[in-house]
Amino acid sequence: MDYLCDKSERMQITYYGHSCVEVKTGGKKLLFDPFITQNPLAKSVDVSSLNPDFILLSHGHGDHVQDAIQIGQSSGASFISCFEMVSWVEGKGLKGHPMNIGGKWNFDFGTVKLVQAVHSSKLPDGQYGGPEAGFVIWNEEDCFYFAGDTALTMDMQLIPMICPPLQVALLPVGDNFTMGYEDAVVAADFIQCDTVVGIHYDTFGYIKIDKEAARQAFESVGKELILLEIGQTITI
Ligand code: NI
Ligand code: MN
């Protein structure tokens, strides 16, 4: 039934700086980790123009949730995150679907599975954010992994054992607070994915990277690291 495949229906990833991406898949817009208004590199992004159907939060740090409540209110999006994070947004009058690591749920756009991430999670108001999570999301067309903030972890090897083959993975590459690009090369091997979109780099002094060296590190093992311009959209 190939003739039914409309190219515009292929998975689209738009980068909004730091770890904030919007992925269009299964007919819905999924916004991850919105941190825009406080990101000096993302000044060109008009937050009020974002209209996601779902907002997915990997953990509670400000550089992942700063604009979540505002965008949740303006868009009416439903949140997907760990139980503790969803309790936090519900406390602000927003709606969400609580999950926890290892669990999966079939949404109307596809299946979401929460996977292990090694990091910490405290919300800006001091509330405990529950465990940090990564997301593997798939439907009949697409399968991708959004790792959130995480170290390289052996548990990443479980992903190809329990999820469909990944077309693309969004991995942190900025080092200091998460794995750096050298470890992300190993992560890409663990998850058996050849196409990686880098996140969590350049925003602050601690995570500035040599982009050419990072691309080379992936290229040397036959993989591709895509570092998007802020506002850029790619189709996978
Ligand atoms: Ni963090
Ligand atoms: Mn972070």
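The present account deals with the structure reproduced in this document. If you're wondering where the values come from, they're calculated on a predicted model, not measured in any experiment. (Residues numbered from 1 in each chain as written. Chains lettered and ligands numbered in written order. Predicted model: local features only at pLDDT ≥ 70, side-chain atom pairs only at ≥ 80, totals over all residues. Heavy atoms only, no water.)

### Some details on the packing of aromatic side chains
And then number 1: For the structure on display, the rule yields 11 aromatic pairs.
And then number 2: A ring pair is formed by Phe 177 and Phe 204, whose centres lie 6.5 Å apart and whose planes are at 90°; its orientation type is edge-to-face. Taken together, the residues Phe 177 in the loop between strand E11 (168–172) and helix H5 (181–190) and Phe 204 in the loop between strand E12 (195–199) and helix H6 (211–219) connect sequence positions 27 residues apart.
And then number 3: Every member of this aromatic cluster is reached through a ring pair, and the members are Phe 32, Phe 135, Phe 144 and Phe 146. (Phe/Tyr/Trp six-rings, centres within 6.5 Å; stacked < 30°, edge-to-face > 60°. Helix = DSSP H or I, 4+ residues; strand = E, 2+ residues; numbered from the N terminus.)

### Here's the deal with the coordination of the nickel ion (ligand 1)
And then number 1: Ligation of the nickel ion (ligand 1) by protein atoms is provided by His 59 (NE2), His 61 (ND1), His 119 (NE2) and Asp 149 (OD), these donors lying 2.2 to 2.3 Å from the ion.
And then number 2: One can describe the site at the nickel ion (ligand 1) as irregular: its four donor atoms subtend angles covering 87 to 179° at the metal.
And then number 3: Coordination of the nickel ion (ligand 1) draws on donor residues from a single chain, spaced H-x1-H-x57-H-x29-D in sequence.
And then number 4: Separating the nickel ion (ligand 1) from the manganese ion (ligand 2) is a gap of 3.0 Å, bridged by Asp 149, which donates to each.
And then number 5: In this structure His 61 comes out as partly exposed when scored by relative accessible area, which is 21%. (Donors = N, O, S within 2.8 Å, 3.2 Å for Na, K, Ca; no water. Tetrahedral: all angles 85-135°; square planar, octahedral: opposite > 155°, others 65-115°. Buried < 20%, exposed > 50% of the residue type's maximum accessible area, 1.4 Å probe, protein only.)

### Re the pattern of salt bridges
And then number 1: Inspection of the entire model under this criterion finds four salt bridges.
And then number 2: The closest approach of N and O atoms between Lys 28 and Asp 108, which form a salt bridge, is 3.5 Å. A residue pair is termed long-range when its members are at least 10 positions apart, and Lys 28 in strand E3 (residues 28–32) and Asp 108 in the loop between strand E7 (104–107) and strand E8 (110–116) qualify at 80 residues.
And then number 3: Residue class for Lys 28 comes out partly exposed when judged on its relative accessible area of 24%.
And then number 4: When its relative accessible area of 59% is taken as the criterion, Asp 108 is described as exposed.
And then number 5: Linking Asp 194 and Lys 223 is a salt bridge whose minimum nitrogen-to-oxygen distance equals 2.8 Å. (Salt bridge = Lys/Arg side-chain N within 4 Å of Asp/Glu carboxyl O.)

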